[in-house]
Amino acid sequence: MTHWEHFTHGADIGVRGIGNTLSEAFEQAALAMTAVICDPALVQATESVTVTCDAPDAEYLLADWLNRLVFEMATRHLLFSHFQVTIQGEQLTATAWGEPVEVARHQPAVEVKGATYTELKVAQTETGEWLAQCIVDV
Amino acid sequence: MDLSRFSKVSDYEWRVEPHGKMRVPAVIFASETLMRDMDEKVFEQVTNVATLPGIVKAAYAMPDAHWGYGFPIGGVAAFDADQGGVVSAGGVGFDISCGVRTLHTGLTLDDIEPVKQRLADTLFARVPAGVGSTGRIHLSAQEMDAMLKGGAQWAVKQGYGEAADLARIEENGCMADAAPHEVSDFAKRRQRDEVGTLGSGNHYLEVQRVMEIFDARIAQAYGLKVGDIVVSIHCGSRGLGHQIGTEFLKRMALSAKDYGIQLPDRELACAPIHSDIGQQYLGAMRAAINCALANRQVITHLTREAFAAVLPQAQLDLLYDVSHNTCKLETHVVDGVQRRLFVHRKGATRAFGPGRSDLPEQYRHVGQPVLIGGSMGTASYILAGCEESESHAFGSACHGAGRAMSRTQATKRWRGRELVDDLARHGILIRSPSLRGVAEEAPGAYKDVSEVVDAADHAGLARKVAKLAPLLCIKG
């Protein structure tokens with residue numbers, strides 16, 4: 001069942017995406033990261049950004065993907081609510097849809113500073129689902 | 001935390017002898033109560049730090065230590081470059097040179113009370129805070145490099161603040177040997193519009209009242225007495241520092257094996273100081289320190305403007321500015337021998353004792369001001385570096401309270417609106433763009449900073465000088 005969740009880490013927060021495929025898990029992890037900032041349901045998909053990342057393994061790739069989104073949010077002043085990810089080997093190509101931050105409407109609680117390697121894990125579970133998680137620094 | 005693995009050196013010092021791959025002991029300074037409440041992860045992380053090449057004396061943790069990234073937050077470790085010592089991006093952290101500065105105002109509560117609401121509104125309007133906020137400064141590529149090279153000195157040259165401020169900032173407001181060319185375009189792009197912004201999370205600007213003085217002699221040297229109104233600013237190097245941390249963490253994690261370094265945890269990513277990547281990181285990290293110093297300097301200017309509009313008689317002289325996420329090359333005496341060491345402080349404040357030539361002249365006889373931020377609505381403290389602090393953890397002390405519960409737990413327990421109203425009833429005004437942000441930063445979500453400060457004092461890391469209580473708080 002494709003979904004996202006948060007898990008606890010003292011000062012910060014963990015994001016976890018679960019999906020039927022690796023790409024879906026990455027999409028859900030990104031959604032979990034938006035949920036750290038604000039309610040994703042409040043973010044309309046009016047603008048899109050396309051990104052690519054390369055990394056030596058799936059775990060570094062997850063951190064790179066989330067960090068790239070942190071960069072795009074910070075420099076374009078956007079929030080994202082929809083993601084489409086394609087992963088081929090060491091390369092990720094993705095489109096993220098969202099809209100510019102409106103403080104009064106989105107009530108963003110906190111900025112994400114970066115995705116970390118703490119609790120960083122990308123794996124297929126016994127039931128065949130994919131899990132992608134790490135702690136994000138806020 | 002299970003204390004059976006520690007030997008108790010004193011009531012406030014707990015030691016783990018080297019075992020396994022540890023090269024040196026691990027030492028935690030804390031009371032027994034703080035030790036019992038401390039996260040198990042601190043044990044794992046501080047003993048992991050003790051395995052790194054070139055580490056000198058011991059891996060240390062401060063009384064406010066908690067689970068961090070590779071290093072515990074509240075971690076201190078020094079490395080000798082000539083003995084294979086390393087520099088670690090994880091050991092500095094993402095928010096490079098995050099820190100606190102405190103300003104005098106020359107005002108008392110009687111001056112503030114009649115205009116408190118207006119002062120809060122004016123500060124909130126003038127100091128950009130929260131997600132997506134941008135400053136009034138927009139830097140060109142050339143200006144960016146000048147800022148990264150010059151720090152607070154650059155800001156003063158641009159008209160933000162006064163030359164007299166500089167002597168009261170660590171490194172006189174400018175970290176030497178910064179290398180803006182080692183800072184990526186990505187990092188610079190994140191900073192272009194963010195100079196002079198507070199950020200979010202636990203960053204804040206507070207107007208505070210001196211509630212209590214613990215050491216009259218040192219308080220006098222710092223110009224503090226009971227009833228004084230001061231302003232404290234807590235923020236760091238914003239997007240630029242985070243991006244540098246992120247990029248070098250990856251590069252160091254991937255290159256560690258090339259240098260024969262076995263990482264017990266990817267977040268401990270590091271590189272020999274005598275290596276290309278080590279030198280590149282030091283240059284970029286120093287540029288980020290300057291970014292943080294410039295940022296706090298610009299915010300100081302905005303704060304002065306806000307006060308001038310509401311309370312024109314206010315005189316906002318800088319007391320001091322400390323950074324608590326850094327790696328600095330410092331001289332320390334180890335076993336009677338003077339050595340040049342790269343001291344990492346991750347969530348730890350430099351706390352140099354009396355006599356250090358690095359200190360401003362007016363504080364040199366009493367030791368460095370150590371500024372400890374509380375959480376929104378709770379006390380903050382000013383301590384002083386003491387002679388003993390040099391012999392404990394390379395002249396370092398704690399930096400704050402540390403969280404007692406997660407953000408998720410906090411939002412389940414508190415509503416932002418109720419917190420703001422409740423604090424207002426206690427005379428504390430909160431201004432924040434996000435009520436959820438306020439709930440996540442609820443005072444009850446943090447540990448009691450008083451206990452941490454008492455432990456630092458008893459352990460001899462720094463001496464308690466003054467306690468500050470908040471009157472109004474601008475939250476990012």
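Residues numbered from 1 in each chain as written. Chains lettered and ligands numbered in written order. Predicted model: local features only at pLDDT ≥ 70, side-chain atom pairs only at ≥ 80, totals over all residues. Heavy atoms only, no water.

A. Local environment of the overall build of chain B. Within chain B, the regular secondary structure consists of 16 helices and 19 strands. At 21 Å, chain B has a C-alpha radius of gyration in line with the 23 Å of a compact globule built from 476 residues. For chain B, buried positions account for 67% of its 476 residues. Put simply, of all contacts in chain B between residues at least 6 apart along the chain, 76% involve residues at least 24 apart. (Helix = DSSP H or I, 4+ residues; strand = E, 2+ residues; numbered from the N terminus. Rg over C-alpha atoms; globule rule 2.2 N^0.38 Å. Buried < 20%, exposed > 50% of the residue type's maximum accessible area, 1.4 Å probe, protein only. Contact = heavy atoms within 4.5 Å.)

B. Representation of the overall build of chain A within the structure. From N to C terminus, chain A includes 3 helices and 8 strands. Taken from the N to the C terminus, the helices and strands of chain A come in the order β-β-α-β-α-β-β-α-β-β-β. The globule rule puts the C-alpha radius of gyration for 138 residues at 14 Å, and the 14 Å found for chain A is close to it. By the burial criterion, 62% of the 138 residues in chain A qualify as buried. Pairs at least 24 apart in sequence give 61% of the contacts found in chain A among residues at least 6 apart. By element, 48% of the accessible surface of chain A is carried by carbon and sulfur atoms, the whole surface being about 5,200 Å². Seen as two clouds, the 6 positive and the 19 negative side-chain charges of chain A have centres 5 Å apart. (Areas by Shrake-Rupley, 256 points an atom, 1.4 Å probe, with all protein chains shown as cover. Lys, Arg positive; Asp, Glu negative; His and termini not counted. Charge placed at Lys NZ, Arg CZ, Asp CG, Glu CD.)

C. Region of the structure containing the nonpolar core. F26(A), W65(A) and F307(B) are the most contacted members of the largest nonpolar core, which totals 201 residues. In terms of residue count, helix α11 (residues 276-310) of chain B provides more of this core than any other element does, 17 residues in total. Here F26(A) is in contact with A58(A), L61(A), L62(A), W65(A), V85(A), I87(A), L92(A), V122(A) and A132(A), once residues within four sequence places are set aside. (Core = buried A, V, L, I, M, F, W, Y, C linked by side-chain atoms within 4.5 Å.)

D. Examining the sheet that holds strand β5 (residues 91-100) of chain A more closely. Residue and element names in this part refer to chain A. Pairing is antiparallel across the open sheet formed by 3 strands, whose spatial order is β3-β5-β4. Across the chains shown, the open sheet's two edge strands, defined by having one partner strand only, are β3 (47-54) and β4 (78-88). The mean angle between the axes of side-by-side strands here comes to 20°, regardless of whether they run parallel or antiparallel. Sheet topology note: the β3/β5 ladder contains 8 bridges and is antiparallel. Bridging from a neighbouring strand, E47 pairs with G98 of β5. The strands touched by helix α1 (residues 22-37) are β4 and β5; relative to β4, the strand with the most contacts, the crossing angle is about 160°. Against the sheet, helix α2 (residues 58-76) touches β3, β4 and β5, its axis set at about 145° to β3. (Pairing = 2+ DSSP bridges. Axes fitted to C-alpha atoms, helices over the stretch in contact; angles between N-to-C directions.)

E. Representation of the pattern of salt bridges. Residue and element names in this part refer to chain B. Counting across every chain of the model gives 42 salt bridges over all chains. Here K475 and E441 are joined by a salt bridge, their closest N and O atoms 3.7 Å apart. Of this pair, K475 sits in strand β19 (residues 462-475) while E441 sits in the loop between α15 (435-440) and α16 (449-459); the two residues are 34 residues apart in sequence, bridging distant segments of the chain. Take K475 and E441: they sit in the same class, and that class is buried. It is possible to trace a salt-bridge network through shared partners that takes in R407, R436, E440, E441 and K475. (Salt bridge = Lys/Arg side-chain N within 4 Å of Asp/Glu carboxyl O.)

F. Here's a closer look at the sheet that holds strand β2 (residues 13-16) of chain B. Residues and elements named next belong to chain B. Strand order in this open sheet of 7 strands is β1-β2-β3-β4-β5-β13-β12, and the pairing throughout is mixed. Where the open sheet ends on each side, the last strands, each with one partner, are β1 (7-10) and β12 (325-334). Here the strands of the sheet are splayed against their neighbours by 25° on average, with no regard to which way each runs. Pairing geometry for β12 and strand β13 (residues 337-346), over 10 bridges, is antiparallel. For V333, the partnering residue across the bridge sits in β13 and is Q338.

G. Up close: the packing of aromatic side chains. Throughout the structure, instances matching the rule amount to 12 aromatic pairs over all chains. Consider the rings of F29(B) and Y60(B), whose centres lie 6.0 Å apart with planes at 15°: the pair is stacked. With F29(B) in strand β3 (residues 26-29) and Y60(B) in strand β4 (residues 55-66), the pair connects residues that are 31 residues apart, well separated along the chain. Taking relative accessible area as the criterion, F29(B) reaches 1% and is therefore assigned buried. Y60(B) sits in the buried class, given a relative accessible area of 5%. For the ring pair Y60(B) and F394(B), a centre distance of 5.9 Å and an interplane angle of 80° mean the geometry is edge-to-face. Residue Y60(B) is located in strand β4, and its partner F394(B) is located in the loop between α12 (387-393) and β17 (396-397); the two are separated by 334 residues in the primary sequence. Residue F394(B) is classed as buried on the basis of its relative accessible area of 2%. Aromatic rings pair up to connect W65(A), F80(A) and F83(A) into one cluster. A cation over an aromatic ring shows up here: K57(B) above the ring of F394(B), its NZ or CZ 5.5 Å from the ring centre. (Phe/Tyr/Trp six-rings, centres within 6.5 Å; stacked < 30°, edge-to-face > 60°. Lys NZ or Arg CZ within 6 Å of the ring centre and 35° of its normal.)

H. The side chain of T349(B), seen in detail. Note that T349(B) resides in strand β14 (residues 349-350). Apart from the residues lying within four places of it in its own chain, the contact partners of T349(B) are V322(B), S323(B), H324(B), Q368(B), V370(B), L371(B), I372(B), G395(B), S396(B), A397(B), C398(B) and H399(B).

I. How the structure looks around the state of the cysteines. Residue and element names in this part refer to chain B. Under the counting rule described, the total for this entry stands at 0 disulfides over all chains. In this structure C98 is not part of a disulfide, and its nearest cysteine sulfur, from C235, lies 7.2 Å away. Among the cysteines around C174, which has no disulfide bond, C291 carries the closest sulfur, lying 13 Å off. (Disulfide = S-S within 2.5 Å.)

J. A look at the environment of T34(A). Residue and element names in this part refer to chain A. Within the secondary structure, T34 is located in helix α1. Counting along the chain gives 39 residues from T34 to M73, while the straight-line C-alpha distance between them is 9.9 Å. Dropping the residues within four chain positions of it, T34 is found in contact with P40, F80 and F83.

K. Region of the structure containing the pairing of strand β7 (residues 99-104) of chain B. All names here are of chain B. When you tally the buried positions in β7, you get 6 out of 6 residues, the bulk of the element. Of the two faces of β7, the one lined by G99, R101 and L103 and the one lined by V100, T102 and H104 are each fully buried. Note: β7 against strand β9 (residues 229-235), 6 bridges, orientation antiparallel. Looking at β9, one finds that H104 is bridged to V230.

L. Summary view of the interface of chain B and chain A. The interface is formed by 40 residues belonging to chain B together with 44 residues belonging to chain A. Here chain B and chain A share an interface that buries about 3,600 Å² over both sides, 56% of which is from carbon and sulfur atoms. Where chain B meets chain A, there are 4 salt bridges. Note that D95(B) and K113(A) form a salt bridge whose closest N and O atoms lie 3.7 Å from each other. At the boundary of chain B with chain A, the tally comes to 15 residue pairs in polar contact (both at pLDDT 80 or more). Per-class residue counts for the side of chain B that touches chain A are 11 nonpolar, 15 polar and 14 charged. (Buried area = accessible area lost by both parts, 1.4 Å probe. Polar contact = N/O pair within 3.5 Å; in protein donor to acceptor, adjacent residues only side chain to side chain. Nonpolar A, V, L, I, M, F, W, Y, C, P; charged D, E, K, R; others polar.)

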